[in-house]
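Residues per chain are reported as follows:
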Amino acid sequence: MTAATEKPVSTNLRERRREQTRNDLTSAGLEIISAEGVDAATIDRLAAQAGMSRGTVYAHFEGGRDEVLQEAYRRVGRDLVNMAQRLADSAGTWQDRVMAYARAMVALTEDHNRGYFYNVAGPALFGSRVERGEGSSASLAAIRKELLLAQQRGEIDSDVDADEMAVLLIGCLREAGIEIARGAMQPAKFLSAFQRLLDGLAP
């Protein structure tokens, strides 16, 4: 094997190790958040939880704690969408498939600290930047698709704007997640209210 062919293998191995380290630190952050809340996720705790040094944390996340938590926020969003999609795949009606996203949000809030992180504390990590997270973006696209397909089948009023309605429904999910995380709304009442919203779209 020549040096030219060895280099990519070495580079790929380093990249895999780097990615694994980043994943381990992100997992450590989420473990701390779930157990004690986001304020407990300091650099020292992140390093200790992952079994690494502070220097290793900064070597893989130059932005330190906030950058680790930003990646943790993105992972929770991806996990939320994956759960919703699994629930939607086994649902029968378009209402049930859209309701899957509400049920996934409720499931997330069952881990109170993680739910609070995703819905309340996490977005502040991105500062003043206007950013729709991966979770919200993917959920918006999926809900919009369900609305359009249902409309084509005549199951939703033809005068409903699927784009605008999808945005409103995503807003409902986000606000409900915040209220549930704060203890100001009961999950069962949210699911009932969200179902009524969907039922109101029928012709």
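Note: the structure precedes this text.
From a predicted model like this one, the values you see are computed outputs, not experimental measurements.

Rules used throughout
Residues numbered from 1 in each chain as written. Predicted model: local features only at pLDDT ≥ 70, side-chain atom pairs only at ≥ 80, totals over all residues. Heavy atoms only, no water. Helix = DSSP H or I, 4+ residues; strand = E, 2+ residues; numbered from the N terminus. Buried < 20%, exposed > 50% of the residue type's maximum accessible area, 1.4 Å probe, protein only. Contact = heavy atoms within 4.5 Å. Polar contact = N/O pair within 3.5 Å; in protein donor to acceptor, adjacent residues only side chain to side chain. Salt bridge = Lys/Arg side-chain N within 4 Å of Asp/Glu carboxyl O.

(A) Molecular detail of the side chain of Thr-26. Secondary-structure assignment places Thr-26 in helix α1 (residues 3-36). Here Thr-26 falls in the buried class, since its relative accessible area comes to 1%. Ignoring any residue separated from it by four or fewer positions in sequence, one finds Thr-26 in contact with Phe-61, Val-68, Glu-71, Ala-72 and Arg-75.

(B) Highlighting the environment of Phe-190. Looking at the element boundaries, Phe-190 is found in helix α9 (residues 187-199). Between the C-alpha atoms of Phe-190 and Val-106, which are 84 residues apart in sequence, the distance is 8.8 Å.

(C) Examining the environment of Val-81 more closely. Relative to the assigned elements, Val-81 resides in helix α4 (residues 65-89). Here Val-81 falls in the buried class, since its relative accessible area comes to 6%. Taking the C-alpha atoms as reference, Val-81 lies 16 Å from Asp-111; in sequence the two are 30 residues apart. Filtering out sequence-adjacent residues up to four positions away, Val-81 remains in contact with Gly-135, Ala-138 and Ser-139.

(D) Fine view of the environment of Arg-174. Following the sequence through the fold, Arg-174 ends up in helix α8 (residues 162-181). For the pair Arg-174 and Ser-136, spaced 38 residues apart in sequence, the C-alpha to C-alpha distance is 8.4 Å. The contacts of Arg-174, once residues within four sequence positions are left out, are Tyr-73, Tyr-118, Asn-119, Pro-123 and Ser-136. A polar atom in the side chain of Arg-174 sits 3.1 Å from the backbone oxygen of Tyr-118. At a separation of 3.2 Å, a polar atom in the side chain of Arg-174 contacts the side chain of Ser-136.

(E) Summary view of the pattern of salt bridges. Per the stated rule, a full pass over the model turns up eleven salt bridges. Across the pair Arg-54 and Asp-44 runs a salt bridge whose closest N-O atoms are separated by 2.8 Å. Of this pair, Arg-54 sits in helix α3 (residues 54-60) while Asp-44 sits in helix α2 (residues 43-50), and the two are ten residues apart along the sequence. Taking the relative accessible area as the measure of exposure, Asp-44 reaches 47% and is therefore partly exposed. Between Arg-65 and Asp-66 there is a salt bridge, with its nearest N and O atoms 3.5 Å apart. Given the relative accessible area of 24%, Arg-65 is considered partly exposed. A relative accessible area of 36% means that Asp-66 is categorised as partly exposed. When salt bridges with common partners are traced through the structure, they connect Glu-71, Arg-74 and Arg-78 into a single cluster.

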